[in-house]
Amino acid sequence: MRLTEGFSPKTIETYSKTINQIPGVLGVQGIEPRWLGDQIVMKVGVYLDNDTRVTEAYAIGERLNTR
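Everything in this summary refers to the structure shown in the same document.

Conventions we followed
Residues numbered from 1 in each chain as written. Predicted model: local features only at pLDDT ≥ 70, side-chain atom pairs only at ≥ 80, totals over all residues. Heavy atoms only, no water. Patch = residues over 30% accessible without salt bridge, like charges linked within 9 Å, V, L, I, M, F, W, Y side chains within 5 Å. Areas by Shrake-Rupley, 256 points an atom, 1.4 Å probe, with all protein chains shown as cover. Salt bridge = Lys/Arg side-chain N within 4 Å of Asp/Glu carboxyl O. Helix = DSSP H or I, 4+ residues; strand = E, 2+ residues; numbered from the N terminus. Polar contact = N/O pair within 3.5 Å; in protein donor to acceptor, adjacent residues only side chain to side chain. Phe/Tyr/Trp six-rings, centres within 6.5 Å; stacked < 30°, edge-to-face > 60°. Buried < 20%, exposed > 50% of the residue type's maximum accessible area, 1.4 Å probe, protein only.

1. Thoughts on a nonpolar patch on the surface
Turning to step 1, where the next piece is worked out: Taken together, the side chains of Ile-40, Met-42 and Val-44 present a nonpolar region at the surface, about 200 Å² in accessible area.
Turning to step 2, where the next piece is worked out: The residue Ile-40 is located in strand β2 (residues 39–47) in this model.

2. What about the environment of Thr-52?
Turning to step 1, where the next piece is worked out: Considering the arrangement of structural elements, one finds Thr-52 in the loop between β2 and α2 (54–66).
Turning to step 2, where the next piece is worked out: Between the C-alpha atoms of Thr-52 and Asp-38, which are 14 residues apart in sequence, the distance is 35 Å.
Turning to step 3, where the next piece is worked out: Reaching out from Thr-52, the side chain makes a polar contact with the backbone oxygen of Asp-49 at a distance of 2.8 Å.

3. Structural notes on the packing of aromatic side chains
Turning to step 1, where the next piece is worked out: Applying the stated criterion across every chain yields a total of 1 aromatic pair.
Turning to step 2, where the next piece is worked out: Ring centres of Phe-7 and Trp-35 lie 5.7 Å apart, and the angle between their planes is 10°; on these two criteria the pair is classed as stacked. Of this pair, Phe-7 sits in the segment before α1 (9–20) while Trp-35 is found in strand β1 (residues 27–36), placing the two residues 28 residues apart along the sequence.
Turning to step 3, where the next piece is worked out: With relative accessibility at 14%, the residue Phe-7 sits in the buried group.

If you want it as structure tokens, here you go:
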């Protein structure tokens, strides 16, 4: 599965649950994980409140990167 850059739905659901626990995240729009060598790299789309300031959105993105 790794050679085709595939991920099990259970793994993606685990990522989604973790992301949804981050304060400020209202939901997950989509997750596109892939392998880069021995690391997992993800493209993640999240929903935020319409009133979220850019600086706060950036901080949420930084928290996503460290999870």
